[in-house]
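What the coordinates show
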Amino acid sequence: MQKRDICPFYKNGYCISPMLDSPSDIVVSANRCFKTYKTCRYYVDQGEEKEGLENYQQDEKVDQDIKFYPKISLIQEKIDSGCEFFQLMKTENGFIASCKILNRIITEGQARLCSKYWQSCPLRRT
């Protein structure tokens, strides 16, 4: 069974729904908590889950979930940019940068351009 088939409010045999005053095992049912949990009256839709790069916070160590080409994307020293869409993430071998507008990892050269010319955004023109 995949994680997405289990109710997000099911934890260790208890329902921890925000609609309950306290965690309860009385409302837990295998039929309801697995696969058909969205029909449960204690289920609260919390909106879309973050995917991909949105899961990682700035300077957070990146697991192997994010695919990138180390030869062009790996940055040895920390780069800063005034752009609100620039995100620098730490890896085992250095840093990688991403652009939230482009929704992808950017190369070291692009990261340096973003750092230097962030006000005119050289990346969105290409």
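It should be emphasised that the depicted structure is a prediction, and the values quoted were computed from it without experimental measurement. (Residues numbered from 1 in each chain as written. Predicted model: local features only at pLDDT ≥ 70, side-chain atom pairs only at ≥ 80, totals over all residues. Heavy atoms only, no water.)

1. Quick look at the confidence of the model for the protein
Detailed reading of the predicted coordinates is not advisable wherever pLDDT is low. The following threshold applies: In predicted models, pLDDT denotes the confidence assigned by the predictor to each residue on a 0 to 100 scale. Secondary structure is summarised from DSSP: a helix means a run of H or I of at least four residues, a strand means a run of E of at least two, and numbering begins at the N terminus for each.
Mean pLDDT over the protein: 79, with 79% of residues reaching 70 or higher. Taking the mean pLDDT of every element in the protein, the minimum, 82, falls on helix H1 (residues 30-33) and the maximum, 91, on helix H3 (residues 108-116).

2. Regarding the packing of aromatic side chains
The condition that has to hold: Ring geometry is summarised as follows: Phe, Tyr and Trp rings, the Trp one being its six-membered ring, pair when their centres sit within 6.5 Å, and such pairs are stacked at plane angles under 30 degrees, edge-to-face over 60 and tilted between the two. Exposed residues in this analysis have more than 50% of their type's maximum accessible area, buried residues have under 20%, and partly exposed residues fall in between, with area computed by a 1.4 Å probe over protein chains only.
By the definition in use, this model includes 3 aromatic pairs. Pairing Tyr10 with Phe34 gives two aromatic rings, centres 5.2 Å apart and planes at 65°, and the pair type is edge-to-face. Linking Tyr10 in strand S1 (residues 10-11) with Phe34 in the loop between H1 and helix H2 (70-73), this pair joins segments that are 24 residues apart in sequence. Taking relative accessible area as the criterion, Tyr10 reaches 24% and is therefore assigned partly exposed. On the accessibility criterion, Phe34 (23% relative accessible area) is partly exposed.

3. Let's talk about the environment of Thr107
Defined as follows: Pairs of residues are marked as contacts when any of their non-hydrogen atoms sit within 4.5 Å.
By secondary structure assignment, the location of Thr107 is in the loop between strand S5 (104-106) and H3. In this structure, the C-alpha to C-alpha distance between Thr107 and Ala97, residues 10 residues apart in sequence, is 7.3 Å. Each residue touching Thr107, except ones within four places of it in the same chain, is listed here: Ile72 and Ser73.

4. Things to note about the sheet that holds strand S3 (residues 86-91)
Keep this limit in mind: DSSP calls a pair of strands paired once it identifies at least 2 bridges connecting them. All axes here are fitted lines through C-alpha atoms, helices being fitted over the stretch that makes contact, and every angle between N-to-C directions spans 0 to 180 degrees.
Strands sit in the order S3-S4-S5 across an open sheet of 3 strands; the sheet is antiparallel. Edge positions in the sheet fall to S3 and S5, since each has one partner strand and no second. This sheet shows a mean twist of 40° between the axes of neighbouring strands, independent of strand direction. The pairing of S3 with strand S4 (residues 94-99) spans 6 bridges and is antiparallel. Directly across from Thr91, in S4, lies its bridge partner Gly94. Strand contacts of H3: S3, S4 and S5, with the helix running at about 85° to S5, the strand carrying the most contacts.

5. Thoughts on unusual backbone geometry
If you check the backbone angles, Asn12 has positive phi at about 50° while not being a glycine. Tracing the sequence through the fold places Asn12 in the loop between S1 and strand S2 (14-15). The residue Asn103 is not glycine, and still its phi comes out positive at about 60°. Here Asn103 lies in the loop between S4 and S5. Among the residues examined, Asn103 registers a relative accessible area of 54% and is labelled exposed.

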